[in-house]
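The lines below spell out each chain.
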Amino acid sequence: QDGADAEQLRRYIRDEAEIEIAYLDLEERQSRRAIQPLALIYYIDVVILIAWCTLRLDFRHFRIDRITECAPTGCHFTAEAAALLEGLAERAASA
């Protein structure tokens, strides 16, 4: 299987568990970052993870087939989850 497992990512989303990922961008550059996963979007050919990126301090979209490593950090973002989801909804409504 290529990329991160969608079932495991759904578990992290439900548990409001922060994860550390290694991500390969479209130019084949790898980065590591801690993210707070919020939602998965399913398209015909690809699944996208929407998350709060603690490196960029902004919402980011990650193709799960480009996530080369994924592990929980041991931290949870339960206190911030509602505000993050509200911010995400506001951003989507204004797009």
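Residues numbered from 1 in each chain as written. Predicted model: local features only at pLDDT ≥ 70, side-chain atom pairs only at ≥ 80, totals over all residues. Heavy atoms only, no water.

(A) Looking closely at helix H1 (residues 6-15). Along H1, the positions that sit buried rather than exposed are Ala6, Leu9, Tyr12 and Ile13. Each buried residue of H1 lies within a common arc of 115° when the element is viewed along its axis, so the set occupies one face. Residues of H1 that are buried make contact with strand S1 (17-24), strand S2 (30-42), strand S3 (47-53) and strand S5 (67-76). Glu16 lies just past H1 and shows a positive phi near 50°. (Buried < 20%, exposed > 50% of the residue type's maximum accessible area, 1.4 Å probe, protein only. Helix = DSSP H or I, 4+ residues; strand = E, 2+ residues; numbered from the N terminus. Arc of directions from axis to C-beta. Contact = heavy atoms within 4.5 Å.)

(B) Representation of the packing of aromatic side chains in the model. Applying the stated criterion to the full structure yields two aromatic pairs. Their ring planes at 75° and their centres at 5.1 Å tell us that Tyr23 and Phe62 sit as a pair that is edge-to-face. Linking Tyr23 in strand S1 with Phe62 in strand S4 (residues 58-63), this pair joins segments that are 39 residues apart in sequence. Tyr23 sits in the buried class, given a relative accessible area of 11%. Judged by its relative accessible area of 3%, Phe62 falls in the buried class. Consider the rings of Trp52 and Phe59, whose centres lie 5.0 Å apart with planes at 80°: the pair is edge-to-face. (Phe/Tyr/Trp six-rings, centres within 6.5 Å; stacked < 30°, edge-to-face > 60°.)

(C) Spotlight on the environment of Glu18. On the secondary structure map, Glu18 appears in strand S1. The exposure class of Glu18 is buried, given its relative accessible area of 13%. Residues contacting Glu18, with those up to four places away along its chain left out, are Ala34, Ile35, Gln36, Pro37, Thr54, Pro72, Thr73, Gly74, Cys75, His76 and Phe77.

(D) Quick look at the pattern of salt bridges. Applying the stated criterion across every chain yields a total of nine salt bridges. Taking the shortest distance from any N to any O, the salt bridge between Glu7 and Arg11 comes out at 2.9 Å. Linking Glu7 with Arg11, this pair stays in helix H1, spanning four residues, or about one helical turn. Residue classification places Arg11 among the partly exposed positions, given a relative accessible area of 30%. The salt bridge involving Asp58 is made with Arg91; its shortest N-O contact spans 2.9 Å. One end of the pair, Asp58, is in strand S4; the other, Arg91, is in helix H2 (residues 78-94), with 33 residues separating them in the sequence. Taking relative accessible area as the criterion, Asp58 reaches 21% and is therefore assigned partly exposed. Through salt bridges with shared partners, a single ionic network connects Glu20, Arg32 and Glu69. (Salt bridge = Lys/Arg side-chain N within 4 Å of Asp/Glu carboxyl O.)

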